[in-house]
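Residue-level listing of the chains:
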Amino acid sequence: MRAGFPEFRLGAVLATSFTGTLSERFGEPVERIPVPHRLIDWLAVYGLAVDSCSLEQLDLARELRESVHAAATASALREPLPADAVRIIGDRSAGGRAAAVLTPDGQRRWRLGASSVEDALSVIAADAVDVISGERDGKLALCASPTCRAAFFDASQSRTRKWCDMNTCGNRQKKARFNAARRGPAGAAD
Ligand SMILES: [Zn+2]
């Protein structure tokens, strides 16, 4: 972690974790990849190590992020997917070279063509295609926090997850309810 920059919110699903690098979209938005080296840091966490990142590549990443956000949100709401978002996700998916390979102990690892940001984005875009197309077991839903509304992938057995992240949005909601209950009807009469 580097001082002075917002921490990452790390989820289990690559594509929706990537959209989470901008959070609180309906409150006070927090940009978690404000500079190129923070995108490098984020990609490294997900096994997509790249050598460098320019401002143009950061823009490309953010454009993909917002496209995944828009398409995943539409999918969660059962609305038609925005055409621009679909095109950008397709272009990024096709625009990089990456291969899934096995490590000697049977783990999946990504081998990027030139270790470029474009290669890494192609893996994220392909993951978004998987998640949005329903190829993976689970369903897209929107976070119940009114300031968040992030699209997240619910792979729980019951498919009843309400929050994108239990430690942040879920916790805040619980605390708000607890405080409201403690104030109670007497508080309302003050
Ligand atoms: Zn949330």
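The protein chain appears in an unreviewed UniProt entry as Zinc finger CGNR domain-containing protein from Streptomyces violaceoruber.

Peer 1: How would you summarise the UniProt feature "domain: Zinc finger CGNR" (unreviewed entry) in the protein chain if you had to cite specific residues and measurements?
Peer 2: Per the UniProt record, the feature "domain: Zinc finger CGNR" (unreviewed entry) sits at residues 140-180. Counting secondary structure, residues 140-180 comes out at 37% helix and 17% strand; the distance between its end C-alpha atoms is 30 Å.

Peer 1: Quick rundown of the nonpolar core? Include the residues and the values.
Peer 2: Counting residues in hydrophobic clusters, the biggest one holds 44 residues, and the most contacted among them are L64, A120, I124 and A128. Put simply, the parts of the chain that give this core at least two residues each are α1 (14-19), α2 (36-45), α3 (55-76), α4 (83-94), α5 (117-133), β5 (139-142) and β6 (151-154). In terms of residues, this core owes the most to one element, α5, which gives 9 residues. Leave out the neighbours within four places in its chain, and A128 touches A15, V68, A71 and I89.

Peer 1: An account of the environment of H69 is needed here, citing residue identities and associated values.
Peer 2: With respect to the helices, strands and loops of the structure, H69 is situated in helix α3. Judged by C-beta crowding, with 22 C-beta atoms within 10 Å, H69 ranks as buried. Expressed as a C-alpha distance, the spacing of H69 and E56, which sit 13 residues apart in the sequence, is 20 Å. Excluding residues within four positions of it along the chain, H69 makes contact with T19 and A151.

Peer 1: Break down the pairing of strand β3 (residues 98-102) for me, citing the residues and quoting the values.
Peer 2: Alignment of β3 against strand β4 (residues 108-112), held across 5 bridges, turns out to be antiparallel. Note that in β4 the partner of A100 across the bridge is W110. Joining the antiparallel neighbours β3 and β4 is a turn of 5 residues, in which G106 adopts a positive phi near 85°.

Peer 1: Kindly report on α4, identifying the contributing residues and their values.
Peer 2: Since one α-helical turn is 3.6 residues long, residues separated by three or four positions face the same way. End to end, α4 covers 17 Å across 12 residues, agreeing with the expected 16 Å (1.5 Å per residue, within 8%). Residues A85, I88, I89 and R92 constitute the buried set of α4. Buried residues in α4, looked at end-on, bunch into an arc of 100°, giving them a common side. Residues A83, R87 and A94 are exposed on α4 and point more than 90 degrees away from its buried face. Those residues of α4 that are buried lie in contact with α3 and α5.

Rules used throughout
All residue numbers refer to positions counted from 1 along the written sequence of the respective chain. For this predicted model, a pLDDT threshold of at least 70 governs which residues receive local features, and a threshold of 80 or more governs which side-chain atom pairs are given and counted, while totals over whole chains, interfaces and linings are taken from all residues. UniProt positions are given in the numbering used here, feature names are shortened, and annotations may be inferred rather than shown by experiment. The helix and strand labels rest on DSSP assignments: H or I over at least four residues marks a helix, E over at least two residues marks a strand, and numbering proceeds from the N terminus. In plain words, the nonpolar core is the set of buried Ala, Val, Leu, Ile, Met, Phe, Trp, Tyr and Cys residues that C-beta atoms within 7 Å link up. With C-beta atoms placed from the backbone, the exposure class of a residue follows from how many other C-beta atoms lie within 10 Å of its own: 20 or more, buried; 12 or fewer, exposed; in between, partly exposed. Contact definition: two residues whose C-beta atoms, as placed from backbone geometry, lie within 7 Å. DSSP-based pairing: two strands are paired if at least 2 bridges between them are found. Expected span of a helix: the number of residues minus one, times 1.5 Å. Throughout, the arc means the angular range of directions from the helix axis out to the C-beta atoms.

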